[in-house]
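Chain and residue survey
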Amino acid sequence: MKYPDRLITLIAVGIATASALPLLANLWWAFDLFSHFRVQYLVLSAVILLLLASRRRWRASLAFLPFVAISTVPVYSNWPSAEPPGSASEQLSIMNINVNSANTDFDALIELIMQEPPDLVFLLEITTAWQNAIAPLAETYPYRIEMPRSGRFGIALLSRIPIIDPESADLLGTPAISARIKHAGQSLRLLGVHLQPPVNRDWSTARNQQLAEIGKLLDDRTEPVMIVGDFNITTYSPIFSAWLAANGLRSTAQAAGPTISWPTFLPLLGILIDHYAFSGDIRIHTFRRGSAFGSDHYPLTATFSLRGTQ
């Protein structure tokens with residue numbers, strides 16, 4: 001076998017292995033990490049198939065096709081279905097921003113928010129320094145819940161709409177926000193979360209347990225609900241997709257198609273770990289990624305309405 005053929009084969013085996021390992025995600029936490037790069041696998045697989053075909057390696061191409069399908073199916077199943085646009089007067093806009101607690105470009109964040117400004121803003125990794133820096137937004141956002149922390153798990157909700165029943169929730173030691181707003185005569189429940197990053201077995205287990213805790217918070221829901229934040233998982237993970245299905249939720253990743261939210265410093269390997277998970281009585285109209293402003297996360301903005309207002 002010539003050197004180019006050996007190299008192509010080696011790369012194909014690597015992609016095939018990375019594509020298949022997520023099927024074993026429930027057996028070992030590290031296998032789930034491979035699930036998040038389905039779009040990258042698909043792009044690389046298309047290149048490999050073209051190279052194999054150009055070298056007339058038909059058997060190798062056929063052998064590689066099942067592994068291409070393993071990534072094609074979740075990407076295709078997450079492809080958005082069209083939603084009617086609805087009336088602009090019935091829509092709300094919500095922005096989700098992980099500011100990065102180490103980031104000190106406060107003015108860039110304020111400028112980013114005021115360019116729109118959305119009706120609701122969830123801010124993650126809010127420290128006391130960030131809390132002081134966003135004080136000038138009080139005139140635009142008179143309603144707020146702020147829970148700054150010295151580490152990475154501070155959280156805040158800024159709103160132009162009165163907040164009803166504001167509560168703090170504990171997700172196994174990580175703070176979360178629970179609140180309600182009224183819109184077009186309907187009540188909407190909002191949860192703001194920042195889950196543990198799955199960098200080792202214990203943190204991965206903790207993140208999965210936090211997902212289960214969120215499910216418990218939703219057990220008695222009688223109204224539309226939207227969970228916003230940094231979930232540190234993608235919809236390509238069988239763990240996350242099973243959680244969405246079990247709780248009757250969808251993610252904006254499924255409503256708007258592939259995009260990325262992290263990391264800003266390596267966009268080719270970017271994945272969407274920041275989500276709006278929402279119940280079926282919510283209609284997503286737009287979902288877009290904003291410009292980088294100093295954080296390692298991109299800001300995300302969604303516009304939505306409650307189906308009963310249509």
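This section reports on the structure supplied with the text. (Residues numbered from 1 in each chain as written. Predicted model: local features only at pLDDT ≥ 70, side-chain atom pairs only at ≥ 80, totals over all residues. Heavy atoms only, no water.)

A short note on the packing of helix H3 (residues 38–54) against helix H4 (residues 58–77)
Where H3 contacts H4, the axes come no closer than 9 Å and their chain directions differ by 160 degrees. In terms of orientation, H3 lies roughly antiparallel with respect to H4. Every pair of crossing elements has a handedness; the one defined by H3 and H4 is left-handed. Between H3 and H4, the contacting residues are Arg38, Val39, Tyr41, Leu42, Ser45, Ile48, Leu49, Leu52 and Ala53 on the first element and Trp58, Ala60, Ser61, Phe64, Leu65, Val68, Ile70, Ser71, Thr72, Pro74 and Val75 on the second. In the contact of H3 with H4, the residues fall into 15 nonpolar, 4 polar and 1 charged. (Axes fitted to C-alpha atoms, helices over the stretch in contact; angles between N-to-C directions. Helix = DSSP H or I, 4+ residues; strand = E, 2+ residues; numbered from the N terminus. Parallel < 35°, antiparallel > 145°, perpendicular 65-115°, else oblique. Left-handed = near helix turned anticlockwise from the far one by under 90°. Contact = heavy atoms within 4.5 Å. Nonpolar A, V, L, I, M, F, W, Y, C, P; charged D, E, K, R; others polar.)

What to know about the side chain of Gln40
One can find Gln40 in helix H3. Once residues lying within four places of it in the same chain are set aside, the contact partners of Gln40 are Leu268, Leu269, Gly270 and Ile271.

Observations regarding the packing of helix H7 (residues 201–217) against helix H8 (residues 238–246)
At a minimum axis distance of 11 Å, the contact between H7 and H8 shows a crossing angle of 5 degrees. Taken together, H7 and H8 sit at an angle that is classed as roughly parallel. For the pair formed by H7 and H8, the contact residues are Arg207, Asn208, Leu211, Ala212, Ile214 and Gly215 on the first element and Ile239, Phe240 and Trp243 on the second. Residues that form the contact of H7 with H8 fall into these classes: 6 nonpolar, 2 polar and 1 charged.

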